[in-house]
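Descriptive structure summary
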Amino acid sequence: MSTLRMAAVAAEFSRDLEEDFRVAEQLIKEAREQGVRLLALPEACLGGYLLSLDDAAELDEGPPALALDGPEIRRLAALAGEMTVVAGYCEADGDGNRYNSVVCVCGDGVLGNHRKVHQPLSEDASYASGDRFHAFDTPVGRIGMMICYDKAFPESARALALDGAEIGVCVSAWPGARTNAAANLEEDRWKRRFDLFDRARALENQIVWLSANQAGTFGSLRFVGSAKVVDPGGDVLADTGVTAGIAVAELDVAQALGTARRSMGHLRDRRPETYTYAGAVTA
């Protein structure tokens, strides 16, 4: 039996890139000391998220835009070393576009990159949109990544699972409800949705699921934390709750996937020809 020790982070980040790297370095150090081989840091952990989802583009210049092949991502890879680390950042594509992106790195460099496809509320005023989901191989297995609102769409995780992802990693800057907010984040309805999406995406695709999230506050946003590791049966193995922390779990991924899919294989038993609407057939 070969197990993988993995972790998802809930932590607070800012516009100060040097401070963000200091926080990331400390989190990587703590995870390494616990034997973690796969670590997920939140959306926008390098440079911070937007100050608001109402008029974010007017509040400040936004996070610094970093090149995928630039010094900051190389710095992150150097910090990762023998670990596989996933982290969110604002990506500059060289043509003047900015993307809300997530990168997967190890000491050898970039393993994969994803640009957020689904943009909630006014996020499209600050970022261009990605256009695909794909899985990729890493030293710890085949991974598929998404960002925050992407997980509200079942097709996102399904596309990754059909591309062979064994582990889904979703990084978020998911806030509490904007109206009728609960005083206790544990009772917040947006937190409840965040948790439901995590468990549903793992269960329906029978994959391991890591969910990282921002914690604390930034601008007008109060984040729900709730970083977690979910098994292919939809059961939460580790959870930070609404505070900052690291959710760590150990699992034999291949065995867990095999057990979950042995009798009822959700990917195997699909009937794509029946999934029709308006005369169209979905993939």
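Residues numbered from 1 in each chain as written. Predicted model: local features only at pLDDT ≥ 70, side-chain atom pairs only at ≥ 80, totals over all residues. Heavy atoms only, no water.

**Quick look at the packing of helix 4 (residues 154–162) against helix 5 (residues 189–205)**
Heads up, the rule is: For helices, the fitted axis covers only the stretch in contact; all axes are lines through C-alpha atoms, and the angles between them, taken along N-to-C directions, range from 0 to 180 degrees. A run of DSSP states H or I qualifies as a helix once it reaches four residues; a run of E qualifies as a strand once it reaches two. Both are numbered from the N-terminal end. Between 65 and 115 degrees an angle is taken as roughly perpendicular, under 35 as roughly parallel, over 145 as roughly antiparallel, and anywhere else as oblique. Handedness of a helix crossing follows the sense of rotation of the near helix relative to the far helix, less than a right angle counterclockwise being left-handed and clockwise being right-handed. Should any heavy atoms of two residues lie within 4.5 Å, those residues are considered in contact. In the scheme used here, Gly and all other residues not listed as nonpolar or charged are polar, with Ala, Val, Leu, Ile, Met, Phe, Trp, Tyr, Cys and Pro taken as nonpolar and Asp, Glu, Lys and Arg as charged.
It is the contact of helix 4 with helix 5, at a shortest axis distance of 10 Å, that shows an interaxial angle of 40°. Judged on the interaxial angle alone, helix 5 and helix 4 are oblique. Here the hand of the crossing between helix 4 and helix 5 comes out right-handed. Across from Pro154, Ala157, Arg158 and Ala161 in helix 4, the residues of helix 5 making contact are Arg201, Glu204 and Asn205. For the contact of helix 4 with helix 5, the residue count by class is three nonpolar, one polar and three charged.

**Notes on the nonpolar core**
What counts is decided by this rule: In these notes, a set of buried Ala, Val, Leu, Ile, Met, Phe, Trp, Tyr and Cys residues joined through side-chain atoms within 4.5 Å is what counts as a nonpolar core. Type-normalised accessible area, obtained with a 1.4 Å probe on protein chains alone, sets the label of each residue: buried when under 20%, exposed when over 50%, and partly exposed for intermediate values.
Met6, Leu38, Ile167 and Leu210 are the most contacted members of the largest nonpolar core, which totals 38 residues. When residues of this core are assigned to their parent elements, the largest contribution, four residues, is made by strand 1 (residues 4–11). Setting aside its immediate chain neighbours within four residues, Ile167 contacts Leu4, Leu38, Val140, Arg142, Ile143, Gly144, Val208, Leu210 and Val253. Ranked by size, the runner-up nonpolar core spans 29 residues in total, among them Ala7, Leu41, Ala80 and Val103.

**Examining the layout of surface pockets**
Stated precisely, the cut-off is as follows: Definitions used throughout: a 1 Å grid over protein atoms alone; a cavity as a set of points that fits a 1.4 Å probe which cannot get out; a pocket as an open set with protein on both sides within 12 Å along at least five of seven lines; a lining residue as one with an atom within 4 Å of a point. Grid points are joined across faces, edges and corners, and a volume is the space filled by probe spheres set on the points.
Considering only enclosed or pocket space, the second largest pocket measures out at about 270 Å³ in volume. Lining the second largest pocket we find 13 residues, and of these Pro120, Leu121, Tyr149, Trp174 and Trp190 sit closest to its centre. The class makeup of the residues in the lining of the second largest pocket is 12 nonpolar, no polar and one charged.

**What to know about the pattern of salt bridges**
Keep this limit in mind: A pairing counts as a salt bridge when a side-chain nitrogen of Lys or Arg comes within 4 Å of a carboxyl oxygen of Asp or Glu.
Summed over all chains, the structure comprises 18 salt bridges. For Glu123, the salt bridge identified is with Lys116, shortest N-O distance 3.0 Å. Of the two residues examined, Glu123 and Lys116, each falls in the buried class. For the salt bridge of Lys228 with Asp195, the shortest nitrogen-to-oxygen distance reads 2.8 Å. Separated by 33 residues along the polypeptide, Lys228 in strand 13 (residues 228–230) and Asp195 in helix 5 bring together distant segments of the chain.

**Some words on the confidence of the model for the chain**
The line we're drawing: Predictor confidence is given residue by residue as pLDDT, running from a minimum of 0 to a maximum of 100.
Predicted confidence across the chain gives a mean pLDDT of 95, with 96% of residues reaching 70 or more. Confidence, expressed as mean pLDDT per element, reaches its minimum in the chain at helix 2 (residues 56–59) with 53 and its maximum at strand 2 (residues 38–40) with 99.

**Considerations on the pairing of strand 7 (residues 135–138)**
Within a regular beta strand, the side chains point alternately toward one face of the sheet and then the other, so they alternate between its two faces. Inclusion rule: A pair of strands is labelled paired if DSSP reports no fewer than 2 bridges between them.
Looking at chain direction, strand 7 and strand 8 (residues 141–147) are connected through four bridges and run antiparallel. Looking at the pairing, Thr138 lines up with Gly141 of strand 8. Connecting the antiparallel pair strand 7 and strand 8 is a turn made up of two residues.

**Section: the packing of helix 1 (residues 17–33) against helix 3 (residues 71–80)**
The geometry of helix 1 relative to helix 3 is characterised by a closest axis approach of 10 Å and an angle of 20° between their N-to-C directions. Classified by the interaxial angle, the pair formed by helix 1 and helix 3 is roughly parallel. Considering only the axes of helix 1 and helix 3, their crossing is right-handed. Across from Leu17, Glu18, Phe21, Glu25, Ile28 and Arg32 in helix 1, the residues of helix 3 making contact are Glu72, Arg75, Leu76, Leu79 and Ala80. Each residue belonging to the contact of helix 1 with helix 3 can be placed in one class, and the counts come to six nonpolar, no polar and five charged.

**Thoughts on the side chain of Asn113**
Just so we agree on the cut-off: Whenever two N or O atoms come within 3.5 Å, that pair is a polar contact, provided that in protein one can donate a hydrogen and the other can accept it, and provided that, for residues adjacent in sequence, both atoms are side-chain atoms.
Within the secondary structure layout, Asn113 lies in strand 6 (residues 109–115). Judged by relative accessible area, Asn113 falls into the buried class, the value being 14%. At a separation of 2.9 Å, a polar atom in the side chain of Asn113 contacts the side chain of Tyr89.

**Looking at the pairing of strand 8**
Test applied: The path from the first strand over the helix to the second decides the hand: if it runs clockwise while the strands point away from the viewer, the crossover is right-handed.
Taken across its seven residues, strand 8 has six buried, putting it largely inside the fold. Where strand 8 lies against strand 9 (residues 167–172), five bridges are found, and the strand directions are parallel. Each bridged residue has a counterpart across the sheet, and for Met146 the counterpart in strand 9 is Cys170. Traced from strand 8 through helix 4 to strand 9, the parallel crossover comes out right-handed.

**Brief notes about the packing of aromatic side chains**
Basically, it comes down to this: Aromatic rings from Phe, Tyr and Trp, taking only the six-membered ring of Trp, are treated as a pair when their centres fall within 6.5 Å; an angle between ring planes under 30 degrees marks them as stacked, one over 60 as edge-to-face, and anything in between as tilted. Two thresholds decide whether a charge sits over a ring: the Lys NZ or Arg CZ must be within 6 Å of the ring centre and within 35 degrees of the ring normal.
Enumeration over the complete set of coordinates arrives at three aromatic pairs. A centroid spacing of 5.1 Å and a plane angle of 80° characterise the contact between Tyr149 and Phe153, whose relative ring orientation is edge-to-face. Overall, the relative accessible area of 31% leaves Tyr149 in the partly exposed class. Ring plane angle 65° and centroid distance 5.3 Å describe the contact between Trp174 and Phe194, whose orientation is recorded as edge-to-face. Here Trp174, found in the loop between strand 9 and helix 5, pairs with Phe194, found in helix 5; they are 20 residues apart in sequence, far enough to count as distant. Owing to a relative accessible area of 0%, Phe194 belongs among the buried residues under this scheme. Within the aromatic cluster, the residues linked to one another by ring pairs are Trp174, Phe194 and Phe197. One cation-aromatic arrangement involves Arg75 over Phe21; the distance from NZ or CZ to the ring centre is 4.1 Å. When the ring centre of Trp174 is taken as reference, the NZ or CZ atom of Lys151 above it lies at 5.1 Å.

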